[in-house]
Amino acid sequence: HIIPTPRVGGLSLVIGYIVGILSLPVDVFDLTMLLGISTIPVFLGGFGEDMGFDVSPTKRLILSFISAILAIVVFQTWVTDVGLSFLWFLTYGTFGSLVFTIVLTGGISHSINLIDGLNGLSMGVSMMISLGLAGLAYSVEDYSILMMCGVVLSSVAGLFIFNFPFGKIFLGDAGAYSMGHVLTWIGILLISRNPEIAPFSVMLLFFWPVMDMVFAIYRRLRTGRRVDQPDRLHFHQLVMRGLELVFLGKKKRNLSNPLATTVILPLAATPIITAQFVYESDAGSAIAFVVFIILFVLTFLAGMAWARRWAKVGTRRTSVN
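Before going into details, it helps to say that this report is about the structure given with it. Remember, predicted model here, so these are calculated numbers, not experimental data.

Some words on the side chain of Ser 109
Here comes step 1: Mapping Ser 109 onto the fold places it in helix α6 (residues 94-114).
Here comes step 2: On the accessibility criterion, Ser 109 (1% relative accessible area) is buried.
Here comes step 3: A polar contact of 2.7 Å, which involves the side chain of Ser 109, links it to the backbone oxygen of Tyr 177.
Here comes step 4: Discounting chain neighbours no more than four positions away, the residues touching Ser 109 are Val 42, Ser 64, Ala 176, Tyr 177, Gly 180 and His 181.

Below, the structure written as structure tokens:
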């Protein structure tokens, strides 16, 4: 961005969230308020970074773990089953399931921040996850969770119109981390209140940010780089550069940025839609998750190969001219 852009979108999310819960019934208000309180540590860490203080990724990750611990305390709920029998420690070992829950929720919170690299991408994915959670809640008639999703969706939508397509305001680390925490814990509450929902169907909702994060970790470990060291090989960055390389040119990033979001959002929506049809099947939702992993990796590798080929073509053309 040439023009300085505010990064305080997270603050507007908090304001929208608070205003939204004031209209909720008392029992839903209590749930939503407790969830908001548990978000405070990770929000403050992200907001400090947004304000120019040096809050390292490690510190922000630790704060996301603290928020997860707070959520466990206030809700007295944690992940005890993911539909995979070999993870026996979740069912029979409280300590193991607590650690798993803290790492899982902190990791997903971090993943929402990692995909916040294009106008509208992180918020668009967050809104679709909210809709996916709302769809599952409606299917099992859990209207409290449904109303919570409505508050989250509305608070994000109010900011989305200023971020997409031209990026007048950014979500910021505070907004991305907080949104990841809130959405993850709505998913955990949904599963704990409705055991008929397959855990992996909820994981399907978070597939895109989680897979992008896991693949980034693998990519950095494979090349000997630090896990917290950023790179420019996220899926959304490749799509944007591909659009520039083939169609628009680097000087049209104001167009390639939102266009890349437009390309990716339907891809991210596919596992979310799939979850609505397999939410009652542990096997079906787990198989769907594996299929999407394969498709993600193959698409990423094909895109890398295609980009290299076009880069060579561009180099040849330049040398000829």
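Side note on the nonpolar core
Here comes step 1: The biggest cluster of nonpolar side chains holds 81 residues, and the ones touching the most others in it are Ile 129, Leu 133 and Ile 186.
Here comes step 2: Among the elements that line this core, the one with the most residues is helix α7 (residues 121-139), at ten residues.
Here comes step 3: In contact with Ile 129, not counting residues within four places along its chain, are Ile 112, Leu 183, Leu 205, Phe 206, Pro 209 and Ile 272.

Here we look at a nonpolar patch on the surface
Here comes step 1: On the surface, Met 33, Leu 34, Ile 37, Ile 40, Leu 44, Ile 69, Val 73 and Val 74 cluster together into a nonpolar patch covering about 620 Å² of accessible area.
Here comes step 2: Listing elements by their share of the nonpolar patch, those giving two or more residues are α2 (26-38), α3 (40-50) and α4 (57-75).
Here comes step 3: Within the secondary structure, Ile 40 sits in helix α3.
Here comes step 4: Residue Ile 40 is classed as partly exposed on the basis of its relative accessible area, which comes to 43%.

Quick look at the side chain of His 181
Here comes step 1: Tracing the backbone shows His 181 in helix α9 (residues 172-193).
Here comes step 2: Classification of His 181 as buried rests on a relative accessible area of 2%.
Here comes step 3: Contact partners of His 181, with chain neighbours within four places excluded, come to Leu 35, Ser 38, Thr 39, Val 42, Ser 67, Ala 68, Ala 71 and Ser 109.

So, how was this worked out
Residues numbered from 1 in each chain as written. Predicted model: local features only at pLDDT ≥ 70, side-chain atom pairs only at ≥ 80, totals over all residues. Heavy atoms only, no water. Helix = DSSP H or I, 4+ residues; strand = E, 2+ residues; numbered from the N terminus. Buried < 20%, exposed > 50% of the residue type's maximum accessible area, 1.4 Å probe, protein only. Polar contact = N/O pair within 3.5 Å; in protein donor to acceptor, adjacent residues only side chain to side chain. Contact = heavy atoms within 4.5 Å. Core = buried A, V, L, I, M, F, W, Y, C linked by side-chain atoms within 4.5 Å. Patch = residues over 30% accessible without salt bridge, like charges linked within 9 Å, V, L, I, M, F, W, Y side chains within 5 Å. Areas by Shrake-Rupley, 256 points an atom, 1.4 Å probe, with all protein chains shown as cover. Salt bridge = Lys/Arg side-chain N within 4 Å of Asp/Glu carboxyl O.

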